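# Observations on the model geometry
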Amino acid sequence: MARRNSNFFNRMRLGIFGALIGILLLGLGIYFFSSKRDVSLELKVYADPSGVFSFRYMPQFVIEKDTDESLIKRYGLDYIVGFRHTYDPRIGCEIRKNDGSFSLDLPEQDISWKLVTQYSKDTKEFSLVRSGKVVLQGNMSAFQFSFTFVDPLDATMLIHQVFIPHGKDMYLLTCGSGRAYSEKFESDFETFFSSFVFNE
């Protein structure tokens, strides 16, 4: 069991690092959102073409699919889909998929410790914000992991991730923005996380 979990975290390292690179390549930084948010806007729905999953997102975001070869080259083969803010593409979320099995039977502190150990190696001034097991829509068990780090432009980033096991695959949902203005997007990110559901 120990070896299996070790292999999982080794495989996940590439996915995790890829997610960070995806965010950094978009130039995530401190974002100044000068206009007020229109709370009357209706949510949009994204349905995976293969019918595996779906989620809701705010209309001020634009979908980026993996059918675009440039996105695959930029973010890696495990990238599935993401969405970026209409006025600033540095703000957004994405979904990745890795093979392997994830055991939520592991104690929370063990999962958190392994992720902290990995992220602290790959990021500057890593700081854990919160982590723990959560239950999403459809009674899905998942693991939430939020942290901050300093990007190459010396901006402090706040990243939220949710690990969701599905069959033999692990889905990694990631959202991020500059820490200074993260509160403006917290509800948008929460809409994405809470509405994500597998359709199978």
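I will try to describe carefully the structure that is included in this document. Residue positions are given per chain, counting from 1 as you read along its sequence in written order. Predicted model: local features are reported for residues with pLDDT of at least 70 only, side-chain atom pairs are reported and counted for 80 or more only, and whole-chain, interface and lining totals are derived from all residues. Note that the side-chain values use all heavy atoms of the structure and ignore hydrogens as well as water.

### Regarding unusual backbone geometry
- Phi at Glu125 takes a positive value of approximately 55°, unusual for a residue other than glycine.
- Examined against the element boundaries, Glu125 turns out to sit in strand S6 (residues 124-136).
- By relative accessible area, which is 57% here, Glu125 ends up exposed.
- The backbone phi angle of Asp154 is positive, close to 65°, even though this residue is not glycine.
- What counts as a helix is a DSSP run of H or I of at least four residues, what counts as a strand is a run of E of at least two, and both are numbered from the N terminus. Along the chain, Asp154 falls in the loop between strand S7 (140-150) and strand S8 (156-166).
- Three exposure classes are used, based on accessible area relative to the maximum for each residue type with a 1.4 Å probe and protein chains only: buried under 20%, partly exposed in between, and exposed over 50%. With relative accessibility at 55%, the residue Asp154 sits in the exposed group.

### Some words on the nonpolar core
- Residue types Ala, Val, Leu, Ile, Met, Phe, Trp, Tyr and Cys, when buried and joined through side-chain atoms within 4.5 Å, form a set referred to as a nonpolar core. In terms of nonpolar packing, the biggest core is built from 28 residues, with Phe53, Phe55, Ile95 and Ile164 touching the most fellow members.
- Mapped by element, the contributors of at least two residues to this core are strand S2 (53-57), strand S3 (61-65), strand S4 (79-85), strand S5 (92-99), S7, S8, strand S9 (169-178) and helix H4 (186-195).
- When checking whether two residues touch, look at their non-hydrogen atoms; a contact exists if any pair is within 4.5 Å. What Phe55 contacts, discounting residues up to four positions off in sequence, is Lys44, Val45, Tyr46, Ile63, Val81, Phe83, Ile95, Phe192, Ser195 and Phe196.
- In terms of nonpolar packing, the next biggest core, distinct from the first, is built from 16 residues, Tyr119, Met157, Ile159 and Leu172 among them.

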